[in-house]
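Residues per chain, in single letters:
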Amino acid sequence: MLEPVPAWMQAADVGGTTELVTAMVTMCYDAKNWEKLNETIVLLSKRRAQLKQAVTAMVQQASAYVDELEEPLKLSLIETLRNVSEGKMCVWPFTHACR
């Protein structure tokens, strides 16, 4: 599933890359594979050529799931989102001041 990402990124296709990364996050959520959800968010956020808009959309998509999860899973997802977005973007529900 990660193979198409480099081709999309090289073409600077913001819409396609955004659609792909949010679909990957959604698939993990729908499968209720919480460990894979956190791993996917971290993996995609660390790809050097990843478009910032795509990472932002991915974080926003994942943050929509926070309220739907039980406490231990919720805290794990919040920690993952905080780690990948810290110092890079403003994710309002989790940060009070944008840097």
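Reading guide: rules and limits
Residues numbered from 1 in each chain as written. Predicted model: local features only at pLDDT ≥ 70, side-chain atom pairs only at ≥ 80, totals over all residues. Heavy atoms only, no water. Helix = DSSP H or I, 4+ residues; strand = E, 2+ residues; numbered from the N terminus. Expected span 1.5 Å × (residues − 1). Buried < 20%, exposed > 50% of the residue type's maximum accessible area, 1.4 Å probe, protein only. Core = buried A, V, L, I, M, F, W, Y, C linked by side-chain atoms within 4.5 Å. Contact = heavy atoms within 4.5 Å. Axes fitted to C-alpha atoms, helices over the stretch in contact; angles between N-to-C directions. Parallel < 35°, antiparallel > 145°, perpendicular 65-115°, else oblique. Left-handed = near helix turned anticlockwise from the far one by under 90°. Nonpolar A, V, L, I, M, F, W, Y, C, P; charged D, E, K, R; others polar. Salt bridge = Lys/Arg side-chain N within 4 Å of Asp/Glu carboxyl O.

Caption draft 1: The arrangement of helix H2 (residues 14-30) in detail. Over its 17 residues, H2 runs 24 Å from end to end, which matches the ideal 24 Å to within 8%, given 1.5 Å per residue. For H2, the set of buried residues is Gly16, Thr17, Thr18, Leu20, Val21, Thr22, Met24, Val25, Cys28 and Tyr29.

Caption draft 2: Local environment of the nonpolar core. Val25, Leu37, Ile41, Met58, Ala62, Leu77 and Leu81 are the most contacted members of the largest nonpolar core, which totals 21 residues. Sorting the residues of this core by element identifies H2, helix H3 (34-46), helix H4 (52-63) and helix H5 (71-85) as the ones contributing at least two each. In contact with Ile41, not counting residues within four places along its chain, are Val25, Met58, Ala62, Leu77, Thr80, Leu81 and Val84.

Caption draft 3: Quick peek at the packing of H4 against H5. Packing of H4 against H5 brings their axes to within 10 Å, and their N-to-C directions diverge by 160°. Looking at the two axes, H4 sits roughly antiparallel to H5. For H4 against H5, the interelement crossing comes out left-handed. Residues Val59, Ala62 and Ser63 of H4 lie in contact with H5, whose contacting residues are Leu77, Leu81 and Val84. Across the contact of H4 with H5, the residue classes tally to 5 nonpolar, 1 polar and no charged.

Caption draft 4: Quick peek at the pattern of salt bridges. The tally for this structure, following the rule as stated, stands at 3 salt bridges. As a salt-bridge pair, Lys36 and Glu39 come within 3.5 Å of each other at their nearest N and O atoms. Of this pair, Lys36 and Glu39 both sit in helix H3, 3 residues apart, which is roughly one turn of the helix. On the basis of relative accessibility, which here comes to 38%, the residue Glu39 falls in the partly exposed class. We note a salt bridge from Arg82 to Glu86, for which the minimum N-O separation is 3.2 Å. Residue classification places Arg82 among the partly exposed positions, given a relative accessible area of 32%. Exposure remark for Glu86: the relative accessible area of 44% places this residue in the partly exposed category. It is possible to trace a salt-bridge network through shared partners that takes in Glu79, Arg82 and Glu86.

Caption draft 5: View of the side chain of Thr22. With respect to the secondary-structure elements, Thr22 resides in helix H2. Among residues more than four places away in sequence, those in contact with Thr22 are Ala57, Met58 and Gln61.

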